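# Commentary on secondary and tertiary structure
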Amino acid sequence: MILLENIDKVYRTRSIETLALQDVSIEVRKGEFLSIMGPSGSGKSTLLNIMGLLDAPTSGDISIDQLPVKNYKDKELAKLRNQKIGFVFQSYHLINDLTVIDNVEIPLLYRNMPGKERRKLATEALEIVGLSARMNLFPNQLSGGQAQRVAIARAIVGKPEIILADEPTGNLDSAMGNEILDILAELHGKNNTTIVMVTHDERMAERSERVIHFFDGCQVN
Amino acid sequence: MFKHLFKLIWNRKKSNTLLLVEVFLSFLVLFAVLSVFYYNYSFYSDPLGFEYKNVWIANLSPNSDDEDETRTNVENMYNLLNSFTQIESFSFCSDYTHPYAGNTWVNGYKNVEGVYVNTILHSGDDDFAKTAGLNFIEGRWFNKSDDAALVQPIVVNKLFKETFFNESSVAGKKFQRFDDNGKPEADYTVIGVIDNYKYKGEFVEESPKIFRRFNYRDTTANFRRNNSILIKVKAGTSIAFEEKLVGEISRITKGWNVKVSQLEVIRDRYIKDKGIEILVPSSIAFFLILNVALGLMGVLWYSINRRRTEIGLRRAIGASGKRILLQIIGEAIVLGTFAIVIGIAFAVQVPILQLFDTKIGIYIAGILTASVFLYFIITICAFYPSVLAAKVQPVDALHSE
Amino acid sequence: MLTNYIKMAGKVLLRRKFFTFISLFGISFTIMVLLIVTAFIESRVSSDGEMVNRSRILIADRLIGVDSSKTSGTWSSPGFKFLNKYLKNIETPELISIYSHGRDYFTYPNGIKLKLTRKFTDDTFWRIYPFRFIEGKAFGINEYESASRVAVINEYTALAYFGKTNVVGEPIEVGGITYRVIGVVENISVLNRYISSDVYVPTTTAKSNTLDTFFGGFGASILAKEVSDFPVIRNEFHRNLREALKDAPDPSRTHVLKCVLKTYSEMFAKEFYNSSDKLDHQTTLDKTIEEPTGIPASFLIYSGIGFLMILFMLLPSINLVNINLSRMTERNSEIGVRKAFGASKSTLVGQFIVENIILTLIGGVVSAILAALALNAINSSGIIKHVNLTMSFSMLIISVIICMIFGIMSGAYPAYRMSKLHPVEALRGGTNV
């Protein structure tokens, strides 16, 4: 599904170079639930961003469905993200100026889909996360758990093959966190969606099928 | 404290550049508008030099060039005007002489240093100074004794005296006008010096002026140029007298057209027009500045939101709310100072390059008021956002976004 | 996609009312001022109605006589004798009209003091400037040559003097002469100063001394068959000027006569660059001897106006850019999310620019309403006599164009900065853009 080969990532500021990832090679298989674990600063979020084509590696190759994306332009990358990948972030990143349903519709906006169909799909996605009753509220009227469920609805509305979740439970208490995990697990079980989750919580990682550990930018097995 | 603010602004110079440019441009706008205002005010505050209250002007249009007829008419008018008890004094003068006259006669006179002094010429009869209320600095106006003068007597204004002679006392001085070939053409004796005579109105800069004597009985010259009568009426004379005056003059001149206007009315209209001329750019500038002020407030407000963590941290390490308030206002003022300093650097080019021929004091006043005004606006704009900032609680610093 | 942009823009604008207000205030005010200025310019450069021949007309407005030392001379409008003798006989033009400057007279109809402007003119005047007649007709060559005491008056005069407009045949007294009204025309704004007046009468009814002047009181309009005839006409007239020199009053002192025939555009350009003309009595005679610059007048006007407009728009634009930039930093997370979910750079730039254009279009509508109100106020205030400034279709187009320029000017830079924003940084939040 996603193949990362010999990925290096170096952050350069004016005076220092920081090596965030060093020679990382990972294959994400279709239909698996993968967790990436590690302490903060170990490079796991950077890895997720590179997987999600939000960030380019300093060196190394990425292929998605056997297609190398190295020479893709901004437009082509945007299209790939839109169709294949759904993101869930630790701090939800909902747009405050838009209602819940409008937030969920965002990925569909970039597919030139008629408004009615968008609304239908978005409502369906909200039903999956159990929030269809709150679709006309604004994000600041929601609790943290509800906001993260909206974010998940947004991630799945376009029926992507893979969901990348960056510490999805990081801002939530454990009860709410479990709720989120339940939803992710259900998506994985029912629709066979590939899920890659970054976390530093052992209990959350336990619920996935495979765990990769990270330390100081390196994969440790 | 100041150094700290300076550092803050400097380190954020990239995001502050546009703000800086905006304040800088506002400064230039303010400077321009205020300078124009002071420019006009400097003229306005320079004395007008004549009376406009209870002074009327009658413009005549003779309907023939016949000398005898004209002479009779003028003589009759003279007697008629003398007979009215409402009239205090009156003067026959040319249509380029009376206050708010539409015409101008300019002549160049070469002084001893060989410099041409462009001079406005006026002519009036012996009662002109009294009727117009001219103020004498030295000497006197024309009178009967000038009938016998061998050299043409003239009265000049203060500015002519200063630019042409550059001497402390000039009454009794003689000078010559030369023709194109440098030969003496005419001789003059200065018999008096008046103060200002800003006959075009308050907002027109005074220029050198020469008055020549005009004998109303002398109709050999084309009367059409000397067709005005300046009339000082007694205080409280009603406007109904105007219609009577017009009717009587038309009657005794057998159909000459007469147009009577009150100087006060002309002046009101003139001041109103000038007011609009100043008001329009001022109000545009006002809205521009208001626009900028609102924008400034908006930007500062946003930056407070963005800097909640920083402000919370400052609170956490012991800054009081008041101190935060002062800091935010201080930052805006430091930023404003940058912009104003750049603005002043540009503004001083105007007098240095002598783009306009005006007194330097006007620019200094313009720069000073523009700066004060801008500081005032900046402080006002920064106040509300800084109150918001002062309300930020230390705990906000710990809140991750 | 566009409908989504528009919907999004609406939502963003409504949620941030204070900032929307600031932006709208700046935009509306700026465009309103530009619209009012445009209305004034339009009233000066339009070729509608009586100005239909505008581009083919040359104006004789100033006659300057200077002595050889250039220190003294006469700077005045031409007189009737000069124009009639030395301009009227030029053969190339289609029509030549000589007319006096308007002169004000007080009349007292029904005991009320009424100020009326009277203009002497001829029959060709009405052919060069086809006025719209509400009643009656203009005077022709017969009335002109027989010095008939007939008058064409404007609507204002008809209403002020008679209280009605169907006044053909009624007597009117102006400047001591009683005329018979033969036509009523629409009011012409005093801004169009060569043809504006209240009462128009044949020049031949003037007193002989009015007609016997070399300097002062008159002007002329020359209608050329083609614009390309202008140089020929000017040359012809220049030869006549040399001829006229011996006829000038005080010929020993007058060494040169200058009278430059100018187009309406050239007159406007001169006014535009020397608006203090009416006050410059101190200008030396040297300076007043003006020659055409050789640069096309319309270019001078439009480049000058364009420059001033851009200068005027600069401050509000920077202000808007500033506000937009601030809003953008607030919307970092939004940008990141959109990028993550498949928006490309160009999509985002498009979104932001559309947002801005919508804002400016709303501002445009508001400003059009404000400008209409302001123009109405100017028209009815009587500050400028008979002025009738209107919002025309072309102005609407201009305002839409101004809106677009404004929207793009103020949206482009923030949009560029936004598109450059790295999604990872945007999502992390709190970074300085």
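Just so you know, these numbers come straight off a predicted model, no measurement behind them.

## What to know about the overall build of chain C
Along chain C, the regular secondary structure elements total 15 helices and 14 strands. Its C-alpha atoms give chain C a radius of gyration of 29 Å, more than 25% over the compact-globule value 22 Å for 433 residues. Counted over contacts in chain C with a minimum sequence separation of 6, partners at least 24 positions apart contribute 77%. Charge centroids of chain C, computed over 46 positive and 36 negative side chains, lie 10 Å from each other.

## Digging into the packing of aromatic side chains
Enumeration according to the criterion identifies 64 aromatic pairs over all chains in this entry. Above the face of the Tyr109 of chain B ring, Arg177 of chain B is positioned so that its terminal group lies 5.6 Å from the ring centre.

## Some remarks on the packing of helix α9 (residues 264-273) of chain C against helix α11 (residues 297-330) of chain C
All names here are of chain C. The contact between α9 and α11 brings their axes to 8 Å, and the two run at 40 degrees. With respect to the hand of their crossing, α9 and α11 are arranged in left-handed fashion. Touching Ser265, Glu266, Phe268, Ala269, Phe272 and Tyr273 of α9 are Ala297, Ser298, Leu300, Ile301, Ser303, Gly304, Ile305 and Leu308, all from α11.

## A look at the domain arrangement of chain C
Residues and elements named next belong to chain C. According to the domain assignment, chain C contains domain 1 (2-47 + 299-428) and domain 2 (63-259). Placing the centre of domain 1 and that of domain 2 at their C-alpha centroids yields a distance of 47 Å. Contacts between domain 1 and domain 2 engage eight residues on the former and ten residues on the latter. The largest share of the area that domain 1 buries against domain 2 comes from Arg44, Lys385 and His386, three residues that together contribute 76% of it. The tally of links between domain 1 and domain 2 comes to zero salt bridges. Taken together, the connections running from domain 1 to domain 2 amount to two residue pairs in polar contact (both at pLDDT 80 or more). Of the residues assigned to the side of domain 1 that touches domain 2, the class counts are three nonpolar, three polar and two charged.

## Some remarks on the interface of chain B and chain C
Listed per partner, the contact involves 54 residues of chain B and 52 residues of chain C. Regarding the contact of chain B and chain C, the summed buried area is about 4,700 Å², with carbon and sulfur atoms giving 60% of it. On the surface where chain B and chain C come into contact, there are zero salt bridges. Taken together, chain B and chain C are joined by two residue pairs in polar contact (both at pLDDT 80 or more). When contributions to the side of chain B that touches chain C are tallied by element, the ones reaching two or more residues are α2 (13-45), β3 (106-110), β4 (116-124), α6 (240-252), β11 (257-262) and α7 (263-306) of chain B. Residue contributions to the side of chain B that touches chain C peak at 19 residues, all from α7 of chain B. Residue composition of the side of chain B that touches chain C, by class: 24 nonpolar, 13 polar and 17 charged.

## Structural notes on the nonpolar core
Ranked by size, the top nonpolar core spans 74 residues in total, and within it Phe27 and Phe31 of chain B carry the most contacts. At 13 residues, helix α2 (residues 17-45) of chain C tops the list of elements feeding residues into this core. With near-sequence residues (within four places) excluded, Phe27 of chain B lies in contact with Ile340, Gly343, Ile344, Ala347, Ile367, Ala370, Ser371 and Leu374 of chain B. Formed by 55 residues, the second largest nonpolar core is a distinct cluster that contains Met51 and Ile62 of chain A together with Phe352 and Met418 of chain C.

## Side note on the interface of chain C and chain A
Contacts between chain C and chain A engage 25 residues on the former and 29 residues on the latter. Here chain C and chain A share an interface that buries about 2,500 Å² over both sides, 57% of which is from carbon and sulfur atoms. For chain C, the biggest contributors to the area lost against chain A are Arg15, Phe341 and Leu427 of chain C; these three give 28% of the whole. Counting across the chain C and chain A interface gives zero salt bridges. Our count for the chain C to chain A interface comes out at seven residue pairs in polar contact (both at pLDDT 80 or more). Broken down by secondary-structure element, the contributors of at least two residues to the side of chain C that touches chain A are α1 (2-15), α12 (332-340), α13 (345-381) and α15 (423-428) of chain C. A per-class count over the side of chain C that touches chain A returns ten nonpolar, eight polar and seven charged.

## With respect to the sheet that holds strand β1 (residues 2-12) of chain A
Residues and elements named next belong to chain A. The strand order β2-β1-β4-β5 describes an open sheet built from four strands, whose pairing is antiparallel. In the strand order of this sheet, the two ends are held by β2 (17-28) and β5 (67-68), each with one partner. Here eight bridges tie β1 to β2, and the two strands are oriented antiparallel to one another. Bridged to Val10 within β2 is Leu19.

## Overview of the pattern of salt bridges
Counted under the stated rule, the structure contains 41 salt bridges over all chains. Between Glu167 of chain B and Lys173 of chain B there is a salt bridge, with its nearest N and O atoms 3.5 Å apart. Assessed through its relative accessible area of 38%, Glu167 of chain B is described here as partly exposed. Here the salt bridges share partners, and the residues they tie into one network are Lys30, Asp65, Lys84 and Glu161 of chain A.

## With respect to the pairing of strand β5 (residues 103-107) of chain C
Residue and element names in this part refer to chain C. In this structure, β5 lies alongside strand β6 (residues 114-121), joined through five bridges in antiparallel fashion. If you follow Tyr105 over to β6, its bridge partner there is Leu116. Where β5 folds back on β6, the antiparallel hairpin that results is connected by six residues, among which Asn110 adopts a positive phi of roughly 50 degrees.

## Observations concerning the domain arrangement of chain B
All names here are of chain B. Parsing chain B into structural domains produces domain 1 (2-46 + 271-397) and domain 2 (63-255). Computed from C-alpha coordinates alone, the two centres of domain 1 and domain 2 are separated by 52 Å. Opposite the six residues of domain 1 that make contact, domain 2 presents six residues. In this assembly, domain 1 packs against domain 2 so that about 700 Å² is buried in total across both faces, 63% of it on carbon and sulfur atoms. Three residues stand out in domain 1 for area buried against domain 2, namely Phe43, Tyr44 and Asp46, and they jointly supply 64% of the buried area on that side.

## Quick look at the sheet that holds strand β3 (residues 33-37) of chain A
Where strands meet in a sheet, backbone hydrogen bonds hold them as pairs that are either parallel or antiparallel. Residues and elements named next belong to chain A. Across the sheet, which stays open at both edges, the six strands sit in the order β6-β7-β8-β3-β9-β10 with mixed pairing between neighbours. The open sheet has two edge strands with one neighbour each: β6 (85-88) and β10 (218-220). Averaged over all pairs of adjacent strands, the angle between their axes in this sheet comes to 25 degrees, without regard to strand direction. Where strand β7 (residues 162-166) lies against strand β8 (residues 194-199), five bridges are found, and the strand directions are parallel. Bridge pairing in β8 places Ile162 opposite Thr194. Packed on one face of the sheet, helix α1 (residues 44-51) meets β3, β6, β7, β8 and β9 (210-215) and runs near 155 degrees to β8.

What counts and what doesn't
Residues numbered from 1 in each chain as written. Chains lettered and ligands numbered in written order. Predicted model: local features only at pLDDT ≥ 70, side-chain atom pairs only at ≥ 80, totals over all residues. Heavy atoms only, no water. Helix = DSSP H or I, 4+ residues; strand = E, 2+ residues; numbered from the N terminus. Rg over C-alpha atoms; globule rule 2.2 N^0.38 Å. Contact = heavy atoms within 4.5 Å. Lys, Arg positive; Asp, Glu negative; His and termini not counted. Charge placed at Lys NZ, Arg CZ, Asp CG, Glu CD. Phe/Tyr/Trp six-rings, centres within 6.5 Å; stacked < 30°, edge-to-face > 60°. Lys NZ or Arg CZ within 6 Å of the ring centre and 35° of its normal. Axes fitted to C-alpha atoms, helices over the stretch in contact; angles between N-to-C directions. Left-handed = near helix turned anticlockwise from the far one by under 90°. Domains from an automatic or database assignment. Buried area = accessible area lost by both parts, 1.4 Å probe. Salt bridge = Lys/Arg side-chain N within 4 Å of Asp/Glu carboxyl O. Polar contact = N/O pair within 3.5 Å; in protein donor to acceptor, adjacent residues only side chain to side chain. Nonpolar A, V, L, I, M, F, W, Y, C, P; charged D, E, K, R; others polar. Core = buried A, V, L, I, M, F, W, Y, C linked by side-chain atoms within 4.5 Å. Buried < 20%, exposed > 50% of the residue type's maximum accessible area, 1.4 Å probe, protein only. Pairing = 2+ DSSP bridges.

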